[in-house]
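What follows is the residue order along each chain.
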Amino acid sequence: MPAASMAWYLSRSTGIVAALLAVASLVWGLRFAARHTGTRLRPNWWMTMHKWLGGMTLVFTLLHVTMAILDTDAGIGVVQAFVPHTADVQRWAITWGVVAMYLFVVLVATSVARVRRRIPRKIWHAIHLSSFAAIVTLGAHSLMMGSDASSSWFVLGFAVLVALAVSPITVRLLARGERHRRPIRSTLTGAPLRVPSGVGRR
Amino acid sequence: MSWPPPLDPLIHGRARPATPPSTGPTDPAAPPAARAGARRKPVAVAGRVTSVALSIAATGGLTWSFAHADASGGPAPRAALPPPPRRATTTTTTTTAPVTTEPAAPDVVDSGTTPDVAATEPSSSTVAATQAPPALTGTFTGDPVQTRYGPVQVQVTYANGTITKASAVVYPTRSRRDLAINRRAIPILQAETLTAQSAQIDTVSGATYTTYGYIDSLQSAIDAAHAH
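Residues numbered from 1 in each chain as written. Chains lettered and ligands numbered in written order. Predicted model: local features only at pLDDT ≥ 70, side-chain atom pairs only at ≥ 80, totals over all residues. Heavy atoms only, no water.

Asker: Would you explain the overall build of chain B in this entry?
Answerer: On a plain count of helices and strands, chain B comes out with five helices and seven strands. Secondary structure elements of chain B occur, N-terminal to C-terminal, as α-α-α-β-β-β-β-β-β-β-α-α. Classification of the 228 residues of chain B by burial places 39% in the buried group. The contacts of chain B with a sequence gap of at least 6 include a subset with a gap of at least 24, amounting to 55%. Of the roughly 12,400 Å² of accessible surface on chain B, 60% is carried by carbon and sulfur atoms. (Helix = DSSP H or I, 4+ residues; strand = E, 2+ residues; numbered from the N terminus. Buried < 20%, exposed > 50% of the residue type's maximum accessible area, 1.4 Å probe, protein only. Contact = heavy atoms within 4.5 Å. Areas by Shrake-Rupley, 256 points an atom, 1.4 Å probe, with all protein chains shown as cover.)

Asker: Any chance you could explain the packing of helix H4 (residues 91–111) of chain A against helix H6 (residues 121–128) of chain A here in plain terms?
Answerer: Working note: a packed helix pair is described by the angle between its axes plus the distance between those axes. Residues and elements named next belong to chain A. In the contact formed by H4 and H6, the axes pass within 10 Å of each other and the chain directions differ by 150°. For the pair H4 and H6, the crossing hand works out as left-handed. When H4 is examined against H6, the residues Val106, Leu107, Thr110 and Ser111 are found in contact with a partner set consisting of Trp124, Ile127 and His128. Counted by class, the contact of H4 with H6 contains four nonpolar, three polar and no charged residues. (Axes fitted to C-alpha atoms, helices over the stretch in contact; angles between N-to-C directions. Left-handed = near helix turned anticlockwise from the far one by under 90°. Nonpolar A, V, L, I, M, F, W, Y, C, P; charged D, E, K, R; others polar.)

Asker: Looking at this structure, how should I read the pairing of strand E4 (residues 138–141) of chain B?
Answerer: Regular strands have side chains that alternate between both faces of the sheet. All names here are of chain B. In E4, alternate side chains face the same way, and those of Gly138 and Phe140 on one face and Thr139 and Thr141 on the other are all buried. Bridge count for E4 against strand E6 (residues 150–159) is four bridges, and the pairing is antiparallel. Note on E6: the bridge partner recorded for Phe140 is Val156. (Pairing = 2+ DSSP bridges.)

Asker: Explain the packing of H4 of chain A against helix H7 (residues 130–145) of chain A here, please?
Answerer: Residues and elements named next belong to chain A. Running from N to C, H4 and H7 cross one another at 150°; their axes reach a closest spacing of 8 Å. Classed by the angle they form, the pair H4 and H7 counts as roughly antiparallel. For H4 against H7, the interelement crossing comes out left-handed. For the pair formed by H4 and H7, the contact residues are Trp92, Ala93, Ile94, Trp96, Gly97, Val99, Ala100, Leu103, Phe104 and Leu107 on the first element and Ser130, Ser131, Ala133, Ala134, Thr137, Leu138, Ala140, His141, Met144 and Met145 on the second. Of the residues assigned to the contact of H4 with H7, the class counts are 15 nonpolar, five polar and no charged. (Parallel < 35°, antiparallel > 145°, perpendicular 65-115°, else oblique.)

Asker: Sorry if this is basic, but what is going on with H7 of chain A here?
Answerer: The terminal C-alpha atoms of H7 of chain A, which comprises 16 residues, lie 22 Å apart, in line with the 22 Å expected from a rise of 1.5 Å per residue. For H7 of chain A, the full list of buried residues reads Ser130, Ser131, Ala134, Ile135, Thr137, Leu138, Gly139, His141, Ser142 and Met145 of chain A. (Expected span 1.5 Å × (residues − 1).)

Asker: Just checking my understanding: could you explain the packing of aromatic side chains for this structure?
Answerer: Two measures describe an aromatic ring pair: the distance that separates the ring centres and the angle between the ring planes. In the structure shown here, the tally under the stated rule is 10 aromatic pairs over all chains. Seen from their ring centres, Trp8 of chain A and Tyr149 of chain B are 5.7 Å apart, and the 80° between their planes marks the pair as edge-to-face. Pair noted here: Trp8 of chain A is in helix H1 (residues 3–33) and Tyr149 of chain B is in the loop between strand E5 (145–147) and E6, and the two residues belong to different chains. By relative accessible area, which is 9% here, Trp8 of chain A ends up buried. Relative to Trp46 of chain A, the ring of Trp28 of chain A has its centre 5.6 Å away and its plane inclined at 35°; by these criteria the two rings are tilted. On the criterion of sequence distance, the pair formed by Trp28 of chain A in helix H1 and Trp46 of chain A in helix H2 (residues 43–70) is long-range, its members being 18 residues apart. The exposure class assigned to Trp28 of chain A is partly exposed, which follows from its relative accessible area of 23%. Taking relative accessible area as the criterion, Trp46 of chain A reaches 10% and is therefore assigned buried. Every member of this aromatic cluster is reached through a ring pair, and the members are Trp8 and Tyr9 of chain A together with Tyr149 and Tyr209 of chain B. The residue whose ring lies beneath Arg12 of chain A is Phe66 of chain B, and the NZ or CZ to ring-centre distance is 3.8 Å. For Arg48 of chain B, the ring lying beneath its charged end belongs to Trp52 of chain A, and the centroid distance is 5.3 Å. (Phe/Tyr/Trp six-rings, centres within 6.5 Å; stacked < 30°, edge-to-face > 60°. Lys NZ or Arg CZ within 6 Å of the ring centre and 35° of its normal.)

Asker: When you look at a nonpolar patch on the surface in this model, what are you seeing that I'm missing?
Answerer: All names here are of chain A. Nonpolar side chains collect at one region of the surface, where Val78, Val79, Phe82, Val83 and Tyr102 lie side by side and expose about 420 Å² of accessible area between them. At three residues, the largest contribution of residues to the nonpolar patch is made by helix H3 (residues 78–82). Turning to its location among the elements, Phe82 is positioned in helix H3. (Patch = residues over 30% accessible without salt bridge, like charges linked within 9 Å, V, L, I, M, F, W, Y side chains within 5 Å. Salt bridge = Lys/Arg side-chain N within 4 Å of Asp/Glu carboxyl O.)

Asker: Hey, could you run me through the environment of Leu143 of chain A in this one?
Answerer: Within the secondary structure, Leu143 of chain A is located in helix H7. Distance in space between the C-alpha atoms of Leu143 of chain A and Phe158 of chain A is 8.7 Å, their sequence separation being 15 residues.

Asker: Would you explain unusual backbone geometry in this entry?
Answerer: Negative phi characterises most residues that are not glycine, and trans characterises most peptide bonds. Residues and elements named next belong to chain B. Unusually for a residue other than glycine, Asn160 sits at a positive phi of about 55°. Looking at where Asn160 falls in the secondary structure, it is placed in the loop between E6 and strand E7 (162–170). Look at Asn160 and you get exposed, because its relative accessible area is 54%. The residue Gln197 is not glycine, and still its phi comes out positive at about 55°. Residue placement: Gln197 occurs in the loop between helix H4 (176–196) and helix H5 (208–226). Judged by its relative accessible area of 31%, Gln197 falls in the partly exposed class.

Coordinates in, geometry out; function isn't part of it.
See the structure below:
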């Protein structure tokens, strides 16, 4: 089997797995943020898995890019893989992929504890909201560029991923409204608890 | 979901943890976490290991299925190519009479998306040659050459011994990737053919397999043209 073909297969598979991991990380993060984590697992399990899946998304994204560069038939070089809008072929499709990659890099880098401690919470939260943009650009890239985008199993899987991504967003928004309406009360006295300003509010 | 909800670990993390009243690092009765100082117990180890294993397995499985599908012909069967027209059929009436070249095999698939480059004469499936025998005129179709991604077949048009048109009548269009690569590469190959007037053309970067198939089919078309 030629090396270019193997690189092409690996590029496709790592891209699909990266997309799955990205959606999984989004789902875990949204469920944690919505406090919709159930009782069987502790909330920090969901947060840890959210971070872990995000890191794995970045790893598989970089593998995907590396394999795309090694695929000599794809016409994607280092410049095209890292500089948006420089590809000769399928320019916009590759551009969305490059943008998604940079967004994932920023998201993961700013989520590292040492970096996060140095960033004001509001700014960090604004940066972290770009995960939605990353998912959207990832979807555009996979639909426009994907070698398997025309196959029925890919379209079905894409629809399932969209549903998986949208459902926790709904839960998150509902939980946000509920939290704003119902103040946290003491379990002993029933009196509203005083929460320091800026803490726990998004 | 129970109410009030559990404490947000982020909030919890900001709160200064209460100092254990009696246990210290040297206390043999202290729990292991306290003896270890700031080292915390890893969380979600099983989940992390599972996610890594699933990701690697998914990557391997997808790679294998792609290679298997490619080896077995993929969604677009490679055998769909019609029987190869070995050479363009030519009929010569006399040695000095005009040479009439029959059109290329009608069952050859022409996708219709290949732009023609620098065609200086109107495209015609039948070109009548009216010049002396040395001046080659006609349309000749090369052999279909099977590449890894599908067949490539080239058709060349001669006018007075010069290649005036070279078009890929068949090329891989199995996937979007094939289309993207070949729509970029084939015009370059056509332009190179018209410039070189032979099959001695450069490889187009990013379309290696198509280039090799194009060159082989072009060479067979040129051989067919010079064969009569």
